[in-house]
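Analysis of the macromolecular model
If you want the building blocks of each chain, they are given just below.
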Amino acid sequence: MRKKRLPHEFEYYVLLFFLLAFAGWLWEVILYVFTEHAFINRGVYRGPYLPIYGVGGILLCLLFSSYRKKPVRVFFLSMLLCSVLEYLTSFFLERRFGVRWWDYSGHFLNVSGRICLLGAVMFGLLGSVLVCLFLPFYEKMYGRVPRKWRMALCLVFLLIFVMDAAYCAVYPNVGKGISS
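A brief look at the structure comes next.

Some words on the layout of surface pockets
Of the volumes computed, that of the second largest pocket is approximately 360 Å³. If you go around the second largest pocket, you meet 14 residues; those closest to its centre are L15, F18, L19, L153 and F157. At the level of elements, helix 1 (10-36), helix 4 (117-144) and helix 5 (147-170) are the ones that each hand at least two residues to the lining of the second largest pocket.

Below is the structure:
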């Protein structure tokens, strides 16, 4: 029996993960600057990344790339997948650390304060943009970077991330405005 291979190299996914994790961090920081009028480094980690966005984006890429020409389908599938991921992540973080990093209890159609309709719709929109518009652009740009540079970037990003994860496994980022 032949093993099924991923459609891209390992570094393709590593760089995409960090790009999306950084974009998610940036999105949330900007959101809090406008809503709370303060800079808040969101998430469990100290670095400028939120892994839930990276993981979600990689899953969307792997599962829904074949639907690039069907943005409505990608929208609904992204809503579902990302909402499940957000719910499970919230549940895990609360069980692991005894802290809630987000709470949607005041939002319309929330489930245990872990997910809500507005968040699901945003994930659907962003998932459609990612799969249908951004991934083709990313693939073009990725191909222009020499492999040795891609590997070096992966090594640096992974090293920093592993050190941050090890530190935050013991001392998670729970400062003012980060958790509820």
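Focus on helix 3 (residues 71-97)
In this model helix 3 runs 37 Å from its N-terminal to its C-terminal C-alpha over 27 residues, within 8% of the 39 Å that 1.5 Å per residue would give. Along helix 3, the positions that sit buried rather than exposed are V74, F75, S78, M79, C82, S83, L85, E86, T89, S90 and L93. Backbone geometry just downstream of helix 3 places G98 in the positive-phi region, at approximately 70°.

A word on empty space enclosed by the protein
It is the rolling of a water-molecule-sized probe over the atoms that shows where space remains empty. Summed over the entire model, instances satisfying the criterion amount to 1 cavity of 30 Å³ or more. Approximately 30 Å³ is the volume attributed to the largest cavity. What lines the largest cavity is S90, L93, E94, V99, R100, W101 and W102. Class assignment for the residues of the lining of the largest cavity results in 4 nonpolar, 1 polar and 2 charged.

A few points about unusual backbone geometry
The backbone phi angle of H37 is positive, close to 55°, even though this residue is not glycine. Mapped onto the secondary structure, H37 falls in the loop between helix 1 and helix 2 (51-64). Given the relative accessible area of 68%, H37 is considered exposed. One non-glycine residue, S112, lies in the positive phi region at around 55°. Along the chain, S112 falls in the loop between helix 3 and helix 4. S112 sits in the partly exposed class, given a relative accessible area of 46%.

Analysis parameters
- Once a new chain begins, its residue numbering starts again from 1 and follows that chain's sequence as written.
- The model is predicted, so local features are restricted to residues of pLDDT at least 70 and side-chain atom pairs to those at 80 or more, both for listing and for counting; the totals for chains, interfaces and linings are taken over all residues.
- As a convention, hydrogens and water are excluded, and side-chain values are obtained from all of the structure's heavy atoms.
- Here a cavity means grid points, on a 1 Å grid over the protein atoms only, where a 1.4 Å probe fits yet cannot get out; a pocket means an open set of points with protein on both sides within 12 Å along at least five of seven lines; lining residues are those with an atom within 4 Å of a point.
- Grid points are joined across faces, edges and corners, and a volume is the space filled by probe spheres set on the points.
- Strands are runs of DSSP state E lasting at least two residues, helices are runs of H or I lasting at least four, and both sets are numbered from the N terminus onward.
- Here the expected length of a helix is defined as 1.5 Å per residue gap, with one fewer gap than residues.
- Note on classification: 1.4 Å probe, protein chains only; a residue is buried when its accessible area is under 20% of the maximum for its type, exposed when over 50%, partly exposed between these limits.
- Each residue gets one of three labels, nonpolar for Ala, Val, Leu, Ile, Met, Phe, Trp, Tyr, Cys and Pro, charged for Asp, Glu, Lys and Arg, and polar for the others, Gly among them.

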